[in-house]
Each structure stands twice: as structure tokens, then as C-alpha cells.
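# Survey of secondary and tertiary structure
Residues per chain are reported as follows:
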Amino acid sequence: MLKLHPGMKTVNVIYKHLPDSVQRYPQVLLHECDEAIVSLDRLMPYKPIVAEGSVLVERGDFAVWFIFPNAWYDIGVVYDSIGRFKGYYCDILKPVERRPDGYETTDLFLDLWVFPDGRYVVLDREEFDEALKQGWLAKPVAERAENELQRLTEDVEKRSFPKPIVRRLGGLPEDARSLLEAIGKG
């Protein structure tokens, strides 16, 4: 079980989705060090995320999120509403900008889902292509997003995914539900 960050702090995530959507997600801060910010969230997508005949993410699932300084991706360790591990969700995004109460980032559309058995699927390729067509992504940023996705898939194929810190700290806290209720996300 994870040890909670002293004083059970929250972290506010400002998540930009081009061209003009900005969402704020309060999360429970679980751990913070030079290597990563680790937080707990309750996932509430508008509709379930489905691929390869499986419901990957649905309302009420939990995620332990790992934000890495200067990285162009994050990793969410996803659990269903009763705490069973479902897989890893990786957003390709611009490196986070720290704020006094959390961080801010911009989504770059491409996502990677990694199943527990190591299979993976790329998500939102159509959104990425549309963003390029609309001019929402500069060519160098789009190329970097593609390169990060390629690097992550290579790590999965080589069985060097996820990072050791994710393996160490990615467990769902036993009191996840009450922690999230304390910040109004139960």
C-alpha cells in the first residue's frame, strides 16, 4: 500500500485540449519527488473508452497518475471501480509547467493504452490527424508527439514499460475511495 503524502495534499491539474478547451482536475497528491508527481483521481469520461472489444476506461474507474518532469507523456495506472487493475493509459502531451498548487499541460491528442498482458493500442489517431489538418499543432510539436508515441511503444515491445517508479508506486491505495470523497470526487 502507498504511504500518503504528509497532510494529504491536493494537486490541481489544468489540462488544455486544443484548440480551446481547458479543464481543471483536483487530485489527491500521493507522492512527489524529482522523478515524478504521483496523484490519485476518479475518472469520469463522458462515454466509455473502448478498443479491441474491451472497455478500457469508464465512469468511476480510478487512476494513479505519474507526471514526469520534462517528459512528453504521462502514465495513468487504471483500476476499475472495485480496485482491479485494468491497464496503463498514456497521454502524449507537452511537458508540464509547475504551478504553486499543481501543474498545467496541453494534450497532444495521441494516447496509448497498454493491457496487463503487454498488448497495446494507439488511441485518438483520428483526433491527432484532424488537429494537424486544422493547424492546431505546429509541425515540430506533432513530430515530437509521434516520436514519443513511437518510443513508448518500443518500450512496451521490449518489456521495459512502465518505468520502475510506476511499478513501485502505482498501487491503488486501500482508502482511495475515502481520499477522493475528502476532495469531493468520491
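Further up the page is the structure itself.
Figured I'd write up the structure that's included with this text. (Residues numbered from 1 in each chain as written. Predicted model: local features only at pLDDT ≥ 70, side-chain atom pairs only at ≥ 80, totals over all residues. Heavy atoms only, no water.)

### A few points about helix α2 (residues 139–157)
Taking 1.5 Å of rise per residue, the 19 residues of α2 would be expected to cover 27 Å, and the 27 Å separating its terminal C-alpha atoms lies within 8% of that figure. Taken as a whole, α2 has its buried residues at V141, A142, A145, E148, L149, L152, T153, D155 and V156. The arc enclosing the buried residues of α2, seen along the axis, measures out at 155 degrees, which places them on a common side. Within α2, the exposed residues directed more than 90 degrees away from the buried face are K139, P140 and E157. The inward-facing, buried residues of α2 contact β8 (85–93), β10 (102–114), β11 (120–123) and α1 (125–134). Phi for R159, located one or two positions after α2, is positive at around 65 degrees. (Helix = DSSP H or I, 4+ residues; strand = E, 2+ residues; numbered from the N terminus. Expected span 1.5 Å × (residues − 1). Buried < 20%, exposed > 50% of the residue type's maximum accessible area, 1.4 Å probe, protein only. Arc of directions from axis to C-beta. Contact = heavy atoms within 4.5 Å.)

### Overview of the pairing of strand β7 (residues 74–79)
With 6 of 6 residues buried, β7 is to be regarded as a mostly interior element. Of the two faces of β7, both are covered, the one formed by D74, G76 and V78 as well as the one formed by I75, V77 and Y79. Between the end of strand β6 (residues 62–67) and the start of β7, which pair antiparallel, lie 6 residues, with N70 showing a positive phi angle near 65 degrees. Where β7 meets β8, 4 bridges bridge the pair, whose relative direction is antiparallel. (Pairing = 2+ DSSP bridges.)

### A short note on the pattern of salt bridges
Within this structure, the stated rule accounts for 14 salt bridges. Between E32 and R98 there is a salt bridge, with its nearest N and O atoms 2.6 Å apart. Residue E32 is found in strand β2 (residues 21–32), and its partner R98 is found in strand β9 (residues 97–99); the two are separated by 66 residues along the sequence. Residue E32 is classed as partly exposed on the basis of its relative accessible area, which comes to 36%. Residue R98 is classed as partly exposed on the basis of its relative accessible area of 49%. The shortest N-O distance in the salt bridge between D155 and K158 comes to 4.0 Å. (Salt bridge = Lys/Arg side-chain N within 4 Å of Asp/Glu carboxyl O.)

### A closer look at the environment of L108
Mapped onto the secondary structure, L108 falls in strand β10. Residue L108 is classed as buried on the basis of its relative accessible area of 0%. Considering only alpha carbons, one finds L108 and E146, 38 residues apart in sequence, at a separation of 9.5 Å. Excluding residues that lie within four positions of it along the chain, L108 makes contacts with W72, I92, L93, K94, F128, L137, V141 and A145.

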